[in-house]
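# Descriptive structure summary
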Amino acid sequence: MFKVIGKSNWLTGTMIFFMPVLLIFFLASQLAYSQVKGKFEVYQNIPEVTRLSELERMPAGQVIMVRGRIPKKRAQVAEAMGPGGEGVAAGLIIFQERPADGREVRFREEFELVFPAFVMDLPDGHLAIMPSLTRERVIQHEGHTVADGDRQRTGFRPGDLVTVQGEWQPGQVPNLSEVTGITGVDKISLVTEWEEAFGKVSRVRNGLGLLTLLSVVLLGGQLRGIKANKVTQAEEPEACVEKPGFSRFEQTICAEKSLLFAKDDRFQAKPKARG
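Residues numbered from 1 in each chain as written. Predicted model: local features only at pLDDT ≥ 70, side-chain atom pairs only at ≥ 80, totals over all residues. Heavy atoms only, no water.

We now examine the overall build of the protein. Assigned secondary structure in the protein consists of eight helices and 11 strands. Residue burial in the protein is summarised as follows: out of 275 residues, 33% are buried. Within the protein, residue pairs in contact and separated by at least 24 positions form 65% of the contacts whose partners lie at least 6 positions apart. On the protein, roughly 18000 Å² of surface is accessible, and the fraction owed to carbon and sulfur atoms is 57%. (Helix = DSSP H or I, 4+ residues; strand = E, 2+ residues; numbered from the N terminus. Buried < 20%, exposed > 50% of the residue type's maximum accessible area, 1.4 Å probe, protein only. Contact = heavy atoms within 4.5 Å. Areas by Shrake-Rupley, 256 points an atom, 1.4 Å probe, with all protein chains shown as cover.)

Shown next as structure tokens:
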């Protein structure tokens with residue numbers, strides 16, 4: 001490959017040199033594209049409901065998005081947080097900690113994520129929200145930020161309108177179990193956000209694919225040119241020099257070959273231009 005690069009111009013050589021790297025990035029972007037596309041299609045098919053009557057028509061165990069309000073009653077908030085909950089003092093019932101703006105994360109520093117169970121208020125009833133204890137829980141599009149020294153807490157307060165995702169479980173106490181996410185926006189806003197992310201990954205993948213294809217084409221062209229030069233050099237006639245011990249037949253062949261070489265215009269000495 002280095003021989004090919006050495007015989008190329010700087011642009012072609014650069015493209016050929018970085019072709020393996022471009023190929024690796026293209027394959028990685030293709031994998032990310034497939035993952036994002038798969039998740040996007042899954043989330044698109046998740047239904048969103050806002051009333052308990054709509055939930056009652058759903059089969060048990062179906063993954064659903066429910067949009068409702070965190071209860072405003074402080075007694076429910078305190079019960080969900082437990083005694084002495086710091087989130088209550090800060091006015092947040094659901095929150096996650098982050099380093100304050102401009103501060104770097106310290107070595108082995110951990111940040112708390114508080115996502116307790118609560119009862120969501122719906123226009124026609126109430127729904128128990130049971131966060132998952134085994135899966136990763138995600139808090140997004142928080143509506144409030146509370147400073148706490150060199151940290152800050154972002155989350156939701158009683159009375160906030162939120163959307164949660166979980167598995168519908170009907171019964172005497174209807175609930176949404178295995179809840180893994182809560183956000184302050186509705187499904188339409190989430191889908192729009194996912195479409196933008198999907199579009200970015202798609203553009204990156206297409207760009208890397210185009211660059212990789214261009215590099216392969218340039219490499220193929222350079223290899224074809226080198227091969228053509230070798231064939232041309234192999235077909236060029238060479239002058240024959242008689243050596244002692246040649247038979248009469250060999251002397252005749254050598255003489256004819258030398259005559260052919262002399263008649264070929266490509267090997268004639270061109271007169272130098274006089275100034």
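Turning our attention to the side chain of Thr183. Among the secondary structure elements, Thr183 is positioned in strand β11 (residues 175-183). For Thr183, a relative accessible area of 5% puts it in the buried group. Among the polar contacts listed, one links the side chain of Thr183 to the backbone nitrogen of Val185, at a separation of 3.4 Å. What Thr183 contacts, discounting residues up to four positions off in sequence, is Gln140, His141, Phe156, Val162, Thr163 and Leu190. (Polar contact = N/O pair within 3.5 Å; in protein donor to acceptor, adjacent residues only side chain to side chain.)

Within the secondary structure, Arg67 is located in strand β2 (residues 63-69). One buried charged residue, Arg67, remains without a salt bridge, the closest side chain of opposite sign being Glu48 at 5.0 Å. Engagement of the side chain of Arg67 in a polar contact is seen with the backbone oxygen of Gly184, the distance being 3.5 Å. When residues no more than four places from it in sequence are discounted, the contact partners of Arg67 are Glu48, Val49, Thr50, Met120, Leu122, Leu161, Val162, Thr163, Gly184, Val185 and Asp186. (Lys, Arg positive; Asp, Glu negative; His and termini not counted. Salt bridge = Lys/Arg side-chain N within 4 Å of Asp/Glu carboxyl O.)

Positive phi, normally seen in glycine, also occurs at Arg108, with a value near 60°. One can find Arg108 in the loop between β3 (94-99) and β4 (113-114). We classify Arg108 as exposed; its relative accessible area is 72%. A positive phi angle, close to 50°, is found at Glu178, a residue other than glycine. Its place among the elements puts Glu178 in strand β11.

Our focus in this paragraph is the confidence of the model for the protein. Considering every residue of the protein, the mean pLDDT works out to 77; 68% of them sit at 70 or more. For residues 77-89, every residue scores under 50 in pLDDT, and the model assigns this stretch 19 contacts once sequence neighbours within four places are set aside. (pLDDT = per-residue confidence, 0-100.)

Another point: the pattern of salt bridges. Applying the stated criterion across every chain, the model contains 11 salt bridges. The partner of Arg151 in a salt bridge is Glu97, with the nearest N and O atoms 2.8 Å apart. In this pair, Arg151 is assigned in strand β9 (residues 151-156) and Glu97 in strand β3, connecting sequence segments 54 residues apart. Overall, Arg151 belongs to the partly exposed group, its relative accessible area being 22%. A salt bridge links Arg103 to Glu109, with the nearest nitrogen and oxygen atoms 2.9 Å apart. Through salt bridges with shared partners, a single ionic network connects Glu97, Arg103, Arg106, Glu109, Asp148, Asp150, Arg151 and Arg153.

In this section: the sheet that holds β9. Here four strands make up an open sheet; going across it, the order is β4-β3-β9-β8 and the pairing antiparallel. The two strands at the open ends of the sheet, each matched to only one other strand, are β4 and β8 (144-148). Pairing between β3 and β9: six bridges, direction antiparallel. Across the sheet, residue Gln96 finds its bridge partner in β9, namely Thr154. (Pairing = 2+ DSSP bridges.)

Residues Leu55, Val66, Ile94, Phe118, Leu127, Val164 and Ile182 are the most contacted members of the largest nonpolar core, which totals 22 residues. Those elements giving two or more residues to this core turn out to be α4 (52-55), β2, β5 (118-122), β6 (125-131), β10 (161-169) and β11. The contacts of Ile182, once residues within four sequence positions are left out, are Ile94, Phe115, Phe118, Val138, Ile139, Gln140, Phe156, Val162, Thr163 and Val164. By size, the runner-up hydrophobic cluster in this structure holds six residues, among which are Phe40, Met65, Leu190 and Trp194. (Core = buried A, V, L, I, M, F, W, Y, C linked by side-chain atoms within 4.5 Å.)

Moving on to the pairing of β2. Judged by how many residues are buried, β2 sits mostly within the fold: five of seven residues are covered. Two elements, strand β1 (residues 48-49) and β2, share two bridges in a ladder whose sense is parallel. Bridge pairing in β2 links Glu48 to Met65. Strand direction decides the pairing type here: β2 and β10, joined by seven bridges, are antiparallel. Directly across from Arg69, in β10, lies its bridge partner Leu161.

The buried count for β6 comes to five of seven residues, which makes it a mostly enclosed element. Here five bridges tie β5 to β6, and the two strands are oriented antiparallel to one another. By the bridge assignment, Asp121 is partnered in β6 with His126. Hairpin connection of β5 to β6: two residues between the antiparallel strands. Where β6 meets β11, three bridges bridge the pair, whose relative direction is parallel. Note that in β11 the partner of Pro131 across the bridge is Val179.

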